Amino acid sequence: MNVRRWWDGVVPLVALGSSALALMVGPGHALMWWGLTVCSFLLIPVYAVGVRGALTTRLADPPPYGARAVPTRVLLPVIAVAAACFGPAALMLQLVVLPLVWTFSGTVRRALVVTVPTVLGMGAAALLGPWLISRFALDITPVGGDPVPVAGIQLAVLVLGTASGAWITHLGHRGAERNRLLEEVRESRRAEATAHREAGAAAERERIAREVHDTIAQHLTGIVVLAQRARGEETGAGETAGGGTDDDPGIPELIETTAREALEEARALIAANAAPPHGEGLADSLVRLGERFRRETGPPVAVTVTGPTDRLGRDREVLVLRCAQEAMANVRKHAAAHHVELTLRVGDGEAVLTVLDDGRGTPIDAPGAGGGFGLPGMRDRLLPIGGKLTVGPPDDGRPGTLLTVRLPVGEERGTPVVAVPAGAGRGGVA
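What counts, and at which threshold
- Positions within a chain are numbered from 1, following the residues in the order the chain's sequence is written.
- It should be noted that, the model being predicted, local features are given only for residues of pLDDT at least 70 and side-chain atom pairs only at 80 or more, the latter also being counted only at that level, while totals for whole chains, interfaces and linings use all residues.
- To get the side-chain values, all heavy atoms of the structure are used, and hydrogens and water are removed first.
- Following DSSP output, two strands are said to pair if at least two bridges run between them.
- Only DSSP runs of H or I covering at least 4 residues are called helices, and only runs of E covering at least 2 are called strands; the numbering of each starts at the N terminus.
- Lines fitted to C-alpha atoms define the axes, with helix axes restricted to the stretch in contact, and inter-axis angles between N-to-C directions lie between 0 and 180 degrees.
- Residues are treated as being in contact if the distance between any of their heavy atoms lies within 4.5 Å.
- Multiplying 1.5 Å by the residue count of a helix minus one yields the expected span of that helix.
- In this scheme, a residue with accessible area under 20% of its type's maximum is buried, one over 50% is exposed, and one in between is partly exposed, where area comes from a 1.4 Å probe on protein chains only.
- By nonpolar core is meant a set of buried Ala, Val, Leu, Ile, Met, Phe, Trp, Tyr and Cys residues that side-chain atoms within 4.5 Å join together.
- Patch definition: residues above 30% relative accessible area lacking any salt bridge, with like charges linked at up to 9 Å and the nonpolar side chains Val, Leu, Ile, Met, Phe, Trp and Tyr linked at up to 5 Å.
- The protein chains shown are the only cover counted for residues, whose accessible areas, like all others here, come from Shrake-Rupley with a 1.4 Å probe.
- The term salt bridge refers to a pairing of a side-chain nitrogen on Lys or Arg with a carboxyl oxygen on Asp or Glu at a separation within 4 Å.
- Working definition: a ring pair exists when centres of Phe, Tyr or Trp rings (six-membered ring for Trp) sit within 6.5 Å. Plane angles under 30 degrees give stacked, over 60 give edge-to-face, the rest tilted.

A. Up close: the sheet that holds strand E5 (residues 401–408). Spatially, E1-E2-E3-E5-E4 is the arrangement adopted by the five strands of the open sheet, whose pairing is mixed. Only two strands of the sheet have a single neighbouring strand rather than two, namely strand E1 (301–306) and strand E4 (388–392). Taken over all neighbouring pairs, the strand axes of this sheet differ in orientation by 10 degrees on average, direction set aside. The pairing of strand E3 (residues 350–357) with E5 spans eight bridges and is classified as antiparallel. When the sheet's bridge partners are listed, Ala351 is paired in E5 with Leu407. With respect to the sheet, helix H9 (residues 282–297) is in contact with E1 and strand E2 (340–346), its orientation differing from that of E1 by roughly 175 degrees.

Structure (structure tokens):
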């Protein structure tokens, strides 16, 4: 409700009603009626100039205080008392003066400081004002108000006005408190939304960083290895970098193939498609991963895939492939292996990926060892879906390192792989 519009209509209406009431009951003299009418209508410009601009636009808004309340708490009561001196009909002006006083007071005590003198003053003016005017200003027969009705009216106004004013003040305070709480809630929601956006952006940056590490960075590492081999073969005796056969292409062809695969991965990442860029299934992707490892590094890779891999779902197929890529990258960097076994078994309840090498068994399972995204990043990817990563020596006592990834399948199929917020899981050998 717009408070200003309400008072814009009420103030002129009450001023007009007071003048009309005085005319109906008979003021006793025309000058008395004119005096009452002038004082009543004087409320309108005082309201328009000094009161209206200070009014709030809603009932729940806090009232104005200080200098902005002076016209309401001082001028309006003085005008109302002056109007009552010309006849009891001016008591009607209390319908606008007293509510405005309460509106601009803010507390019951501040309101009563003005209300009580105003009510008593208007009652006394309605009884004694006509006599004083006839005695000192105009030579007329005084027509004052009847003491009993005037006293009854003013007593009712004082009691009922104070009770209703106190109730309205209480509602105003509750409305102001409600507005404050609502603003706190809105501010809290804005802060929460900002935090969610920042957390989402951080998680997305972390996801992209890991995708780059697990895809493009692995291909670039392979290109570096091939370039090092090419430089060594150029200086070697009896071998050239460009040699090779159809079954075992030369290093330049391997560099080109690896670079093309890196380009495909980059395009897939840019397109926000986390799936492998090739059209084959997970088994073919793992076989191709082992073949590329053999061409780039030398040791053969035995790839075995058993079980229905389509039960994993797209997100978990990607996760398995990323774990296999990271495991093979660790073998290349740390193991100095002569043979690698990459095995994926998909059963009714879980899928198990194992990567076994016969290398020197680098203790890469220690938390916080290093500064990459590799194994800690794999654990962080597996954690939201209940997966588990273990790295250690083979169970049969053979030399080397066994990496095992376990993740549930079946009813939990389709659960999204959630990115861990930035900063989580950093550390470890990549």
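So that's the structure; there's more coming.
B. Representation of helix H2 (residues 30–51) within the structure. Between the first and last C-alpha of H2 there are 31 Å, a value that for 22 residues agrees with the 32 Å anticipated at 1.5 Å per step. Turning to H2, its buried residues are Met32, Trp33, Gly35, Leu36, Thr37, Cys39, Ser40, Leu43, Val46, Tyr47 and Val51.

C. Just the nonpolar core, in detail. Core analysis: the largest hydrophobic core is formed by 35 residues, its most contacted members being Trp7, Leu43, Val51, Leu55, Leu76, Val96 and Val97. If you list the elements that add at least two residues to this core, you get helix H1 (3–25), H2, helix H3 (70–84), helix H4 (94–103) and helix H5 (108–136). Considering each element in turn, this core owes the most residues, seven residues, to H2. Sequence-distant contacts of Leu55, defined by excluding residues within four places in its chain, comprise Val3, Arg4, Trp7, Tyr47, Leu100, Thr103 and Phe104. Grouped together as the second largest cluster of nonpolar side chains are 33 residues, Ala337, Val346, Val391 and Val409 included.

D. Layout of a nonpolar patch on the surface. Together, Val70, Val74, Leu75 and Val78 make up a nonpolar patch on the protein surface, roughly 320 Å² of accessible area in all. Overall, Val78 belongs to the exposed group, its relative accessible area being 53%.

E. Region of the structure containing the side chain of Gln94. Relative to the assigned elements, Gln94 resides in helix H4. For Gln94, a relative accessible area of 5% puts it in the buried group. Residue contacts for Gln94: discarding those within four places in its chain leaves Pro99, Val119, Met122, Gln154 and Val157.

F. Summary view of the environment of Trp131. Its location among the elements puts Trp131 in helix H5. Assessed through its relative accessible area of 47%, Trp131 is described here as partly exposed. In the structure, Trp131 is positioned 46 residues away from Cys85 in sequence and 8.9 Å away in space, judged by C-alpha atoms.

G. View of the packing of aromatic side chains. Enumeration over the complete set of coordinates arrives at one aromatic pair. Centre to centre, the rings of Trp33 and Trp34 are 4.9 Å apart; their planes meet at 75 degrees, and the pair counts as edge-to-face.

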